Amino acid sequence: SAVISQKPSRDICQRGTSLTIQCQVDSQVTMMFWYRQQPGQSLTLIATANQGSEATYESGFVIDKFPISRPNLTFSTLTVSNMSPEDSSIYLCSVEDIFYNEQFFGPGTRLTVL
Amino acid sequence: SQKIEQNSEALNIQEGKTATLTCNYTNYSPAYLQWYRQDPGRGPVFLLLIRENEKEKRKERLKVTFDTTLKQSLFHITASQPADSATYLCALTNTGNQFYFGTGTSLTVIP
């Protein structure tokens, strides 16, 4: 299993600003994933972050809005840029245990944009 | 378009009964399907995985079936308990190891 922590756990931000969310894993992993979960909704995959290469974004998500860094095998950041109230959501990072094919999720970052 | 749909409404059942949750998908060819549990304010927690060539998988009080012809998975909780109350999510994984989650079903087990 993997233990994942995220910072911050929650934040309230002003429209037009940016927020960087950190994700730390207690073991080295190849792939990390970033999801968004809007109130009352399921999880939507934003992008897949591999160490040493650019992140792969899902349809509807672009690098300018959600830049991702993956400097090493235990850490990643997601930035939500030029925020609007529509970006209010929970943002979760996860990693995959390739051997057991299960995902482990962080506790999430609850973002509110005013 | 691709869709993953679960029980459209919240599910309420009496303690001790079997809860059955459905997951239907269209325009996916998943390598395997997973079920997760999510409690309020927390990230999802993995429960079970079933592969495309498996019909059924069990773990304690949980049972999952996978019908690739019907494009459907059923998730059963037997002898349900109030502690089983949560939102349950199904997720499909393609060969690219990307996960796509269903809409989720909120289950409430009434004592």
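Located above this text is the structure these notes cover.
Residues numbered from 1 in each chain as written. Chains lettered and ligands numbered in written order. Predicted model: local features only at pLDDT ≥ 70, side-chain atom pairs only at ≥ 80, totals over all residues. Heavy atoms only, no water.

Draft legend 1. Molecular detail of the sheet that holds strand 3 (residues 19–26) of chain B. Residues and elements named next belong to chain B. Within the open sheet, the 5 strands sit side by side as 1-3-8-7-6. Their pairing is antiparallel. Across the chains shown, the open sheet's two edge strands, defined by having one partner strand only, are strand 1 (3–6) and strand 6 (56–59). Pairwise comparison of adjacent strand axes, ignoring direction, gives a mean angle of 15 degrees for this sheet. Direction of pairing for strand 1 relative to strand 3: antiparallel, over a ladder of 4 bridges. Counterpart to E5 in the pairing with strand 3 is N24. (Pairing = 2+ DSSP bridges. Helix = DSSP H or I, 4+ residues; strand = E, 2+ residues; numbered from the N terminus. Axes fitted to C-alpha atoms, helices over the stretch in contact; angles between N-to-C directions.)

Draft legend 2. Representation of the sheet that holds strand 7 (residues 68–72) of chain A in the model. Residues and elements named next belong to chain A. Here 4 strands make up an open sheet; going across it, the order is 1-3-8-7 and the pairing antiparallel. Strand pairing shows two members of the sheet lacking a second neighbour, strand 1 (4–7) and strand 7, which therefore form its edges. Within the sheet, the average angular offset between the axes of one strand and its neighbour, ignoring direction, is 15 degrees. Pairing of strand 1 with strand 3 (residues 19–25), which is carried by 4 bridges, proceeds in the antiparallel orientation. Bridge pairing links I4 to V25 in strand 3.

Draft legend 3. Structural view of the packing of aromatic side chains. Residues and elements named next belong to chain B. Per the stated rule, a full pass over the model turns up 12 aromatic pairs over all chains. Where W35 meets F75, the ring centres are 4.8 Å apart and the plane angle is 20 degrees; that geometry is what we call stacked. Separated by 40 residues along the polypeptide, W35 in strand 4 (residues 32–38) and F75 in strand 8 (residues 72–77) bring together distant segments of the chain. For the pair shown, W35 and F75 are each scored as buried. (Phe/Tyr/Trp six-rings, centres within 6.5 Å; stacked < 30°, edge-to-face > 60°. Buried < 20%, exposed > 50% of the residue type's maximum accessible area, 1.4 Å probe, protein only.)

Draft legend 4. A look at the pattern of salt bridges. Residue and element names in this part refer to chain B. Taken as a whole and judged by the stated rule, the model has 5 salt bridges over all chains. Ionic pairing is found between R58 and E56, a salt bridge with its closest N-O pair at 2.9 Å. Judged by relative accessible area, which is 58%, R58 ranks as exposed. (Salt bridge = Lys/Arg side-chain N within 4 Å of Asp/Glu carboxyl O.)

Draft legend 5. Structural view of the interface of chain B and chain A. Taken together, the contacts link 20 residues of chain B with 19 residues of chain A. For the pair chain B and chain A, the summed buried surface comes to about 1500 Å²; carbon and sulfur atoms form 50% of the total. For the interface between chain B and chain A, the tally reads 5 residue pairs in polar contact (both at pLDDT 80 or more). Listed by contribution, the elements that provide at least two residues to the side of chain B that touches chain A are strand 4, strand 5 (45–51) and strand 10 (99–101) of chain B. Here the side of chain B that touches chain A is composed, by residue class, of 9 nonpolar, 9 polar and 2 charged. (Contact = heavy atoms within 4.5 Å. Buried area = accessible area lost by both parts, 1.4 Å probe. Polar contact = N/O pair within 3.5 Å; in protein donor to acceptor, adjacent residues only side chain to side chain. Nonpolar A, V, L, I, M, F, W, Y, C, P; charged D, E, K, R; others polar.)

These values are about where atoms sit, not about what they do.
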